[in-house]
Amino acid sequence: MLNIVLFGAPGCGKGTQAAKLVEKYNLNHISTGAVIRSEISAQTELGKSMEAYISRGELAPDSLVIDIVTDYIDRHRDANGNIFDGFPRTTPQAEAFDQILSTRSLKVDVMIYMDVPTEELVQRILLRGQSSGRADDANEDVIRNRIQIYNEQTAIVADYYSAQGKYEAVNGVGSLDEVFDRICNVIEKYL
Ligand code: ADP
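S.K.: How would you explain the site of the ligand if you had to name every residue and give the values?
M.R.: Every one of the 20 residues lining the ligand counts as a neighbour, but T32, E58, G86, Q93 and R146 are closest to it. The backbone of E58 places a nitrogen or oxygen atom 2.5 Å from an oxygen atom of the ligand. In isolation the ligand exposes 540 Å². Once the protein is present, 96% of that is buried. Counting atoms within 2 Å of the grid points, the majority share of the ligand lands in the largest pocket. When residues of the shell around the ligand are assigned to their parent elements, the largest contribution, four residues, is made by helix α2 (residues 32–41). For the shell around the ligand, a count of residues per class yields seven nonpolar, five polar and eight charged.

S.K.: Can you break down the layout of surface pockets residue by residue, with the values?
M.R.: Reported here for the largest pocket is a volume of approximately 890 Å³. Contributing to the lining of the largest pocket are 46 residues, with K14, R89, R128, R134 and R146 lying nearest its centre. Listed by contribution, the elements that provide at least two residues to the lining of the largest pocket are β1 (2–7), α1 (14–25), α2, α6 (118–132), α8 (140–154) and α10 (176–188). The leading source of residues in the lining of the largest pocket is α2, at five residues. Residues belonging to the lining of the largest pocket are distributed by class as follows: 20 nonpolar, 16 polar and ten charged. R37, I40, E51, I54, S55, R134, A135 and D136 together form the lining of the second largest pocket. Elements that contribute at least two residues to the lining of the second largest pocket include exactly α2, α3 (45–56) and α7 (135–138). With three residues, α3 is the single largest residue contributor to the lining of the second largest pocket. Taken together, the residues of the lining of the second largest pocket sort by class into three nonpolar, one polar and four charged.

S.K.: I'd like to hear about the pairing of strand β3 (residues 81–85), residue by residue, with values.
M.R.: With respect to burial, β3 is a largely interior element, five of its five residues being buried. Neither face of β3 is left uncovered, since the one carrying G81, I83 and D85 and the one carrying N82 and F84 both have all their residues buried. Two strands pair when backbone bridges link them, and β1 and β3 are joined in this way by five bridges, in the parallel orientation. For I4, the partnering residue across the bridge sits in β3 and is I83. In this sheet, β3 lies alongside strand β2 (residues 28–31) in parallel orientation, the contact comprising four bridges. The residue bridging S31 from the neighbouring strand is D85, located in β3.

S.K.: So what about the pattern of salt bridges? Which residues, and what values?
M.R.: Two side chains bearing opposite charge may form a pair once their charged atoms approach each other closely. Counted under the stated rule, the structure contains 16 salt bridges. Among the ionic pairs, R56 bridges to E58, the shortest N-O distance being 3.0 Å. A relative accessible area of 43% places R56 in the partly exposed class. For R128, the salt bridge goes to D137, with nearest N and O atoms at 2.8 Å. Owing to a relative accessible area of 31%, R128 belongs among the partly exposed residues under this scheme. Each of R128, R134, D136, D137 and R146 takes part in a single network of salt bridges with overlapping partners.

What counts as what
- Residues numbered from 1 in each chain as written.
- Predicted model: local features only at pLDDT ≥ 70, side-chain atom pairs only at ≥ 80, totals over all residues.
- Heavy atoms only, no water.
- Near = heavy atom within 4 Å.
- Polar contact = N/O pair within 3.5 Å; in protein donor to acceptor, adjacent residues only side chain to side chain.
- Areas by Shrake-Rupley, 256 points an atom, 1.4 Å probe, with all protein chains shown as cover.
- 1 Å grid on protein atoms, 1.4 Å probe; cavity = no way out; pocket = protein on both sides within 12 Å on 5 of 7 lines; lining within 4 Å.
- Sits in = over half its atoms within 2 Å of the grid points.
- Helix = DSSP H or I, 4+ residues; strand = E, 2+ residues; numbered from the N terminus.
- Nonpolar A, V, L, I, M, F, W, Y, C, P; charged D, E, K, R; others polar.
- Points joined across faces, edges and corners; volume = space filled by probe spheres on them.
- Buried < 20%, exposed > 50% of the residue type's maximum accessible area, 1.4 Å probe, protein only.
- Pairing = 2+ DSSP bridges.
- Salt bridge = Lys/Arg side-chain N within 4 Å of Asp/Glu carboxyl O.

Below, the structure written as structure tokens:
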């Protein structure tokens, strides 16, 4: 089973590229952000407990996100492979993830970082906000807060995978197909 962590700042294009990778390599895909949004729109207890954080552009609590991912892994034990999009986003999440996977004789194969400059991220998210309907995409202060939290709490997760020799970076600027080809070139090394 191939387990890929797709990594990068908000707006770097993880979701878009994940959808293309799912098709090409017959993988499953979990976006923790998408799961959180669907819990919020269904107004489940879990969703309600995360709503305030997400609307401010803050991270949801580690324990809740770790539970979501654990549940996903246990429901996809037969998968050909998985793309984890938006997780892990903190070092405690990365440590818990390793623990969850190793107790099931699984592991992360590679983290692929999509590198996009901050100002391009802001512009992309504002553009996406015109059609996504996402409240956290509509307000520039919230967008900048998400990027700041990424820089403060999430960027360091790259070091965790780098220390394990599992880190690969690609340039995330270019056409969708150009970025896709760069990511595929990395994945081919791990197949
Ligand atoms: P983006 O990458 O554009 O921020 P996501 O859909 O990945 O979009 O995430 C949306 C929001 O969901 C994040 O800003 C954060 O509040 C919350 N979220 C998603 N994944 C996690 C996670 N692993 N840990 C904590 N919060 C998360």
